[in-house]
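# Fold and geometry: a report
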Amino acid sequence: MDIFDTFLNADVMRRTFPMLLQGLWITLQLGAASIVAGLVLGLGLAMARLYGPAPVRFVTRLYIDIFRSIPLLVLLIIVYYALPFVGLRLSPFLSAMSALTLVSGAYTAEIFRAGIEAIPKGQFEASAALGLSGRQTMADVILPQAVRIVIPPLTNNSINVVKDTALASVVAMPDLLKQATQAQALAANPTPLIVAAAIYIAFLWPLVALVSRMERRFSAPGR
């Protein structure tokens, strides 16, 4: 048996490709939901860490440090397998989304914080001189500038979230990797795994190139 029959078997590819597409659809749903939830959580955490009362700032920083330190796989297993012991049972999708959101939110918070702190203090002073409230200053002056700064790292973090969805297969989530693993077992051939890897690359490679392009653009002089 040659290498093509082993790793790129056309018949196996044809029979298992629909399963992989189903897995890809679930992966995209999980990734999109986790990214959006992580953005909302991260922005809230960044605001709390920068402008909340001292106890809130302390708790927020503790949360960020903990969830940036814990391996995602460990957190995912805790959410899915440990929480039922206290009466909280989540579906595989909600378990994976919760774990991804908690970790993504922590990284997103630091990205937003760095972007906000990069805005010159004079912007705050000028807004106050114009009579803008703190909320108006943040919404109309600071955040629009900060978002432009943090777009490349946020995009890169989103790519990492999509890649990390592959870990959801450990909680019986029928994502792309899980479907590829099942297809490989059914076909007794590794072709589905190779095709799944190719799908990940085809989907994420353009996003990686986009991040590199944005980083060059935003770091160019005069930008």
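Along each chain, residues carry numbers from 1 onward, in the same order as the chain's sequence is written. Totals for whole chains, interfaces and linings use all residues, but because this is a predicted model, local features are given only for residues with pLDDT of at least 70 and pairs of side-chain atoms are given and counted only at 80 or more. Values reported for side chains reflect all heavy atoms of the structure, with hydrogen atoms and water molecules removed beforehand.

Looking now at the overall build of the chain. In terms of helices and strands, the chain carries nine helices and zero strands. The helix and strand sequence of the chain, counted from the amino end, reads α-α-α-α-α-α-α-α-α. Classification of residues uses two cut-offs on accessible area relative to the type maximum, computed with a 1.4 Å probe and protein chains only: under 20% is buried, over 50% is exposed, and between them is partly exposed. A total of 223 residues make up the chain; the buried ones form 38% of that total. Residue contacts are counted whenever heavy atoms from the two residues lie within 4.5 Å of one another. In the chain, the share of contacts with a sequence separation of at least 24, taken over all contacts with a separation of at least 6, comes to 76%. Accessible areas in this description were obtained via Shrake-Rupley with a 1.4 Å probe; residue shielding takes into account the shown protein chains only. Carbon together with sulfur atoms contributes 67% to the accessible area of the chain, which is approximately 12,400 Å² in total. Separation of charge centres in the chain, based on 17 positive and 11 negative side chains, amounts to 6 Å. Think of it this way: any DSSP run of H or I at least four residues long counts as a helix, any run of E at least two long counts as a strand, and we number them from the N terminus. Positive residues here are Lys and Arg, negative ones are Asp and Glu, while His and the chain termini are left out of the count. To locate a charge, take NZ of a lysine, CZ of an arginine, CG of an aspartate or CD of a glutamate.

So, on to the environment of valine 150. For valine 150, the position within the fold is in helix 7 (residues 134–164). A sequence separation of 36 residues divides valine 150 from alanine 114, and the C-alpha atoms of the two residues are 8.1 Å apart. Leave out the neighbours within four places in its chain, and valine 150 touches Ile111, Phe112 and Gly115.

What is meant by a nonpolar core is a set of buried Ala, Val, Leu, Ile, Met, Phe, Trp, Tyr and Cys residues, joined one to another through side-chain atoms within 4.5 Å. Counting residues in each nonpolar core, the largest one holds 35 residues, and the members touching the most others are Leu20, Leu30, Tyr63, Leu75, Met173, Leu176 and Ile199. Where this core is concerned, the elements lending two or more residues are helix 2 (10–51), helix 3 (54–69), helix 4 (72–82), helix 5 (92–117), helix 7, helix 8 (176–187) and helix 9 (191–219). When residues of this core are assigned to their parent elements, the largest contribution, seven residues, is made by helix 9. Apart from the residues lying within four places of it in its own chain, the contact partners of leucine 176 are Leu20, Gly23, Leu24, Thr27, Ala196, Ile199 and Tyr200. Counting residues in each nonpolar core, the second largest holds seven residues, with Ile116, Ile119, Val141 and Leu143 among its members.

Our focus in this paragraph is the UniProt feature "domain: ABC transmembrane type-1" (unreviewed entry) in the chain. UniProt positions are given in the numbering used here, feature names are shortened, and annotations may be inferred rather than shown by experiment. UniProt tags residues 24–212 as "domain: ABC transmembrane type-1" (unreviewed entry). Helix makes up 82% of residues 24–212 and strand makes up 0%, while its end C-alpha atoms are separated by 25 Å.

What follows deals with the UniProt feature "transmembrane region" (unreviewed entry) in the chain. UniProt feature "transmembrane region" (unreviewed entry): in the numbering of this structure it lies at residues 23–50, 62–83 and 193–211. For the annotated span residues 62–83, helix accounts for 86% and strand for 0% of the residues, and the straight-line distance between the end C-alpha atoms is 21 Å. In the segment residues 193–211, helix accounts for 100% and strand for 0%; the C-alpha atoms at its two ends are 27 Å apart.

Let us now look at the packing of helix 6 (residues 121–129) against helix 7. Comment: axis = line fitted to C-alpha atoms, over the contacting stretch for helices; angle = value between 0 and 180 degrees taken between N-to-C directions. Axis separation between helix 6 and helix 7 bottoms out at 11 Å; the angle between their running directions is 155 degrees. Judged on the interaxial angle alone, helix 7 and helix 6 are roughly antiparallel. Seen along the crossing, helix 6 lies across helix 7 with a hand that is right-handed. Side by side, helix 6 and helix 7 meet where Gln123, Phe124 and Ser127 of the first sit next to Thr137, Met138, Val141, Ile142 and Gln145 of the second. Residue classes follow a fixed rule: Ala, Val, Leu, Ile, Met, Phe, Trp, Tyr, Cys and Pro count as nonpolar, while Asp, Glu, Lys and Arg count as charged, and any other residue, Gly among them, counts as polar. Its residues assigned to classes, the contact of helix 6 with helix 7 shows four nonpolar, four polar and no charged. Each angle is binned into one of four classes, with values under 35 degrees roughly parallel, values over 145 roughly antiparallel, values of 65 to 115 roughly perpendicular, and all other values oblique. Handedness of a crossing is defined here by the sense of rotation of the near helix relative to the far one, left-handed for an anticlockwise turn of less than a right angle and right-handed for a clockwise turn.

Mapped onto the secondary structure, serine 104 falls in helix 5. On the accessibility criterion, serine 104 (4% relative accessible area) is buried. Setting aside residues up to four positions removed in sequence, serine 104 forms contacts with Gly38, Asn157 and Val161.

When two helices pack together, their arrangement is given by the angle between the helix axes and by the axis-to-axis distance. Helix 5 packs onto helix 4 with a crossing angle of 140 degrees between their chain directions and a minimal axis gap of 9 Å. Relative to helix 5, helix 4 is oriented oblique. In this structure, helix 4 crosses over helix 5, and the sense of that crossing is right-handed. Contact residues: Leu72, Leu75, Leu76, Val79 and Tyr80 in helix 4; Pro92, Ser95, Ala96, Ser98, Ala99, Leu100, Leu102 and Val103 in helix 5. Considered class by class, the residues forming the contact of helix 4 with helix 5 number eleven nonpolar, two polar and no charged.

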